[in-house]
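Here is how the chains run, residue by residue.
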Amino acid sequence: MSLTNFPYEGKAAAAPTSRLTTKVSMPALQGMKREGKPITALTAYDYATSRLVDEAGIDMILVGDSLAMVVLGHDNTLAVTVDEMLHHTRAVRRAVRRALVVADMPFGSYHGTVAEGVANAVRFVKEAGAEAVKVEGPRVELVRALTDAEIPVVGHLGLTPQSVLRMGGYKVQAKTVETLTQLRADALALAEAGAGAIVLEGVPREVAAAVTAELEIPTIGIGAGPDCDGQILVFHDILNMTFAPHAKFVRQYADAAALIREAVEHYREDVEHRAFPTDEESYHLPAAVRDATNALVAISERSA
Ligand code: KIV
């Protein structure tokens, strides 16, 4: 916030709609599945954008490790650390009133012992205010231990970006009878271990539909077709802010890159042409002080 952006009484922030008044919890997402209501989810990584996403009525905000790429400029998600994820989760937490805030456990933070995974997950809840954590892959024992530790967990199966080195790139998964059978078994095992929801990424529509029909917990799809219980996309993807061609499953809802570029160019031109700031955008001395100052200037000019 600009230091000169003094708030003044009477100018309140936009009033939230009635939709925004009920806090979303993991059981609430499960209730939405039972009622056949689509779950909306989006990633977000900082205060301002999370606040907008929350005010727009999105049910679940994931502080995704995709921030490694879209916010920090890495080539993949592997480099982001627990401390970096905590830093962003705290900012999101401060902004969000309604949505369920889920923190992505980054690569390396749960790939050792189950105890290490639980200890890192506890940090997301205790130090950053996360209301659930997300872990990639069929880490059934970890999900059971997190559930025992009272930490809601979102699983993530199919194309798991933290497996990029093993997979040899980002490829649609579960395309054979063997691999789709394995994915189905993994999903059932995660649910049985206590996962509250499962993200299905980069899998054929038919596979996502079958798993969704079989599970009692919600599936949140990304590149998994329309039959999941909910959908999630990356914030920067839907706004054209990734500087890269987007995947087939991404729908771009606005061109924020063009909007920002245009606004910044306009500002630069105004400064270069001395069109900014104007007199109206300047502070002025009180009339009495101005008159006294003018008098002093006049005296000093006369005596010079
Ligand atoms: O980090 C991420 O953005 C994700 C996706 C499911 C959106 O994990």
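Anything mentioned here points back to the structure above.
Procedures and definitions
- Residues numbered from 1 in each chain as written.
- Predicted model: local features only at pLDDT ≥ 70, side-chain atom pairs only at ≥ 80, totals over all residues.
- Heavy atoms only, no water.
- Buried < 20%, exposed > 50% of the residue type's maximum accessible area, 1.4 Å probe, protein only.
- Helix = DSSP H or I, 4+ residues; strand = E, 2+ residues; numbered from the N terminus.
- Pairing = 2+ DSSP bridges.
- Right-handed = clockwise from strand over helix to strand, strands pointing away.
- Contact = heavy atoms within 4.5 Å.

Engineer: Before we go on, may I ask you to explain the pairing of strand β5 (residues 153-158) in this structure?
Structural biologist: For a regular strand, side-chain orientation follows a simple rule: the groups alternate between the two sheet faces. Within β5, six of the six residues are buried, leaving the element largely enclosed by the surrounding structure. Here four bridges tie strand β4 (residues 132-136) to β5, and the two strands are oriented parallel to one another. Bridge assignment links E136 to a residue of β5, and that residue is H156. You can see the chain leave β4, run along helix α6 (residues 140-148) and come back into β5, and the turn it takes is right-handed. Where β5 meets strand β6 (residues 197-201), five bridges bridge the pair, whose relative direction is parallel. By the bridge assignment for β6, L157 is matched with L200.

Engineer: I tried to follow the environment of L42 on my own but got confused; where do I start?
Structural biologist: Inspection of the secondary structure puts L42 in strand β1 (residues 39-43). Overall, L42 belongs to the buried group, its relative accessible area being 9%. Taking the C-alpha atoms as reference, L42 lies 16 Å from A68; in sequence the two are 26 residues apart. Those residues in contact with L42 that sit more than four places away from it in its chain are V53, I58, M60, I61, L62, I232, L233, V234, F235 and I238.

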